[in-house]
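# Breakdown of the fold
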Amino acid sequence: MARAGGITNAVNVGIAVQADWENREFISHISLNVRRLFDFLVQFEATTKSKLASLNEKLDLLEHRLELLEVQVGTASANPALFNT
Amino acid sequence: MEDPKCTRTNPEADESEDVVRFEKSLRELKDLRSQLHFAADYCESTFLNAEEKNTIVDNTKEYVCKAMVTVVDHLGNVSANLNCCISNACEFSNAELRINCLKQVSPFIHIARLLLCEEYSGKLASTGVQWDAVLPRHSPRYLLTSITNVERPKEVGRDSETQTLKAGENREFKTEDVPLFLYTHTNKPLLYKSLAPRADGRKTDANLSIVSVRDGLSILSKSFNPTFHFQGAPKLGRNVLRRKSTHSSDIISLIRRIRWST
């Protein structure tokens with residue numbers, strides 16, 4: 001009787017240990033996926049920053065060209081005598 | 001396969017649609033955060049109050065897996081929409097093309113620029129002759145004497161040879177202006193000739209020239225270069241040795257005469 005109780009206890013302990021290992025495995029899987037997600041977010045942030053910087057440069061260049069064109073048009077329109085000769 | 005971005009008929013509407021989609025996905029992601037917090041609190045309270053905890057744990061695991069998948073899906077959606085919004089640079093390229101066209105094809109600006117160039121070139125031509133730092137250099141032997149009196153602009157920084165030539169040509173040598181220093185310029189190889197007795201017994205000093213030391217006089221600076229003559233002179237062979245012997249005999253006779261005279 002005592003022997004059967006000892007075996008049952010051992011089986012229960014084994015089942016509990018197995019469940020604990022399963023839980024640990026699940027948690028490790030989840031933490032690994034969360035880390036991958038974090039890495040993806042960091043990489044995405046860097047890529048987005050570089051793209052936004054390049055876009056900012058393009059916009060600055062376009063802005064400068066537009067200002068230059070505005071000045072040229074203003075100079076040409078301010079001297080109408082140049083077109084009469 | 002054609003790129004759907006390039007075949008867009010109305011890019012502004014598509015761009016606004018992308019922006020709306022991005023905002024919607026971002027709002028869903030923010031809502032998901034609050035939902036996950038609420039679900040975590042619910043699972044915790046249920047686990048503490050329930051008697052069969054294994055079932056609660058299994059349900060929580062399933063929910064965590066689904067939530068993880070949902071978060072990844074939402075993040076992917078948000079990032080894709082943002083990437084689409086950023087890399088949709090057709091508008092910028094179109095604006096750049098338009099600006100380039102305005103810059104190159106604009107006729108008014110082009111005409112104004114041409115006229116301004118003509119006016120500026122006319123102003124430059126009307127200013128007359130200007131001083132040019134790079135004047136043609138001529139050797140003084142090819143210059144006529146008549147053009148020496150022509151007034152030239154002041155040359156600064158020319159080579160020292162032309163300056164000394166000008167000083168030698170334009171300035172007349174006046175004895176009043178001679179400084180206190182006198183320099184006896186003797187041509188040492190011709191020393192024996194200058195002091196050689198003439199037929200009438202007097203010593204000549206024809207080659208003994210007295211030259212004042214002045215700044216810019218090139219007479220003193222130009223020294224006799226015997227190597228130049230040696231390069232151009234033909235080889236004399238034995239005559240050279242014979243002439244050397246005559247030179248030494250002349251010098252010896254000269255020394256003897258000086259001793260006799262003293």
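The structure under discussion appears in the preceding block.
Just so it is clear, the model here is predicted, and its values are computed rather than measured.

For the rest of this paragraph, the subject is the overall build of chain A. When you go through chain A residue by residue, the secondary structure sums to two helices and zero strands. Taken as a whole, chain A presents about 6,800 Å² of accessible surface, with 63% of it coming from carbon and sulfur.

Our next topic: the nonpolar core. Formed by 15 residues in total, the largest nonpolar core has its most connected members in Leu 37 of chain A together with Val 71 and Leu 75 of chain B. At the level of secondary structure, the elements contributing two or more residues to this core comprise helix H1 (2-78) of chain A together with helix H1 (11-49), helix H2 (53-87) and helix H3 (90-105) of chain B. By residue number, the principal contributor to this core is H2 of chain B, which donates six residues.

We now examine the packing of aromatic side chains. Inspection of every chain in the model, using the stated rule, returns one aromatic pair over all chains. Both rings, one in Phe 40 of chain A and one in Phe 44 of chain A, keep their centres 6.0 Å apart while their planes meet at 20°; by these two values the pair is stacked. Within this pair, Phe 40 of chain A and its partner Phe 44 of chain A are both found in helix H1, separated by four residues, close to a single helical turn. The lysine or arginine in question, Lys 53 of chain B, covers the ring of Phe 47 of chain B, its NZ or CZ lying 5.2 Å from the ring centre.

A few words on a negative patch on the surface. Together, Glu 57, Asp 60, Glu 63, Glu 67 and Glu 70 of chain A give the surface a local cluster of negative charge. If you trace the backbone, Glu 67 of chain A turns up in helix H1.

Another aspect to go through is the interface of chain A and chain B. How big an interface is tends to be stated in terms of the accessible area lost upon association of its parts. Between chain A and chain B, the contact holds 27 residues from the first and 28 residues from the second. Remark: the boundary between chain A and chain B carries zero salt bridges. Applying the counting rule to chain A against chain B returns two residue pairs in polar contact (both at pLDDT 80 or more). Mapped onto the side of chain A that touches chain B, the elements with two or more residues apiece are H1 and helix H2 (81-84) of chain A. The leading source of residues in the side of chain A that touches chain B is H1 of chain A, at 24 residues. Looking at the side of chain A that touches chain B residue by residue, the classes come out as 18 nonpolar, five polar and four charged.

Thresholds, definitions, all that
- Residues numbered from 1 in each chain as written.
- Chains lettered and ligands numbered in written order.
- Predicted model: local features only at pLDDT ≥ 70, side-chain atom pairs only at ≥ 80, totals over all residues.
- Heavy atoms only, no water.
- Helix = DSSP H or I, 4+ residues; strand = E, 2+ residues; numbered from the N terminus.
- Areas by Shrake-Rupley, 256 points an atom, 1.4 Å probe, with all protein chains shown as cover.
- Core = buried A, V, L, I, M, F, W, Y, C linked by side-chain atoms within 4.5 Å.
- Buried < 20%, exposed > 50% of the residue type's maximum accessible area, 1.4 Å probe, protein only.
- Phe/Tyr/Trp six-rings, centres within 6.5 Å; stacked < 30°, edge-to-face > 60°.
- Lys NZ or Arg CZ within 6 Å of the ring centre and 35° of its normal.
- Patch = residues over 30% accessible without salt bridge, like charges linked within 9 Å, V, L, I, M, F, W, Y side chains within 5 Å.
- Salt bridge = Lys/Arg side-chain N within 4 Å of Asp/Glu carboxyl O.
- Lys, Arg positive; Asp, Glu negative; His and termini not counted.
- Charge placed at Lys NZ, Arg CZ, Asp CG, Glu CD.
- Contact = heavy atoms within 4.5 Å.
- Polar contact = N/O pair within 3.5 Å; in protein donor to acceptor, adjacent residues only side chain to side chain.
- Nonpolar A, V, L, I, M, F, W, Y, C, P; charged D, E, K, R; others polar.

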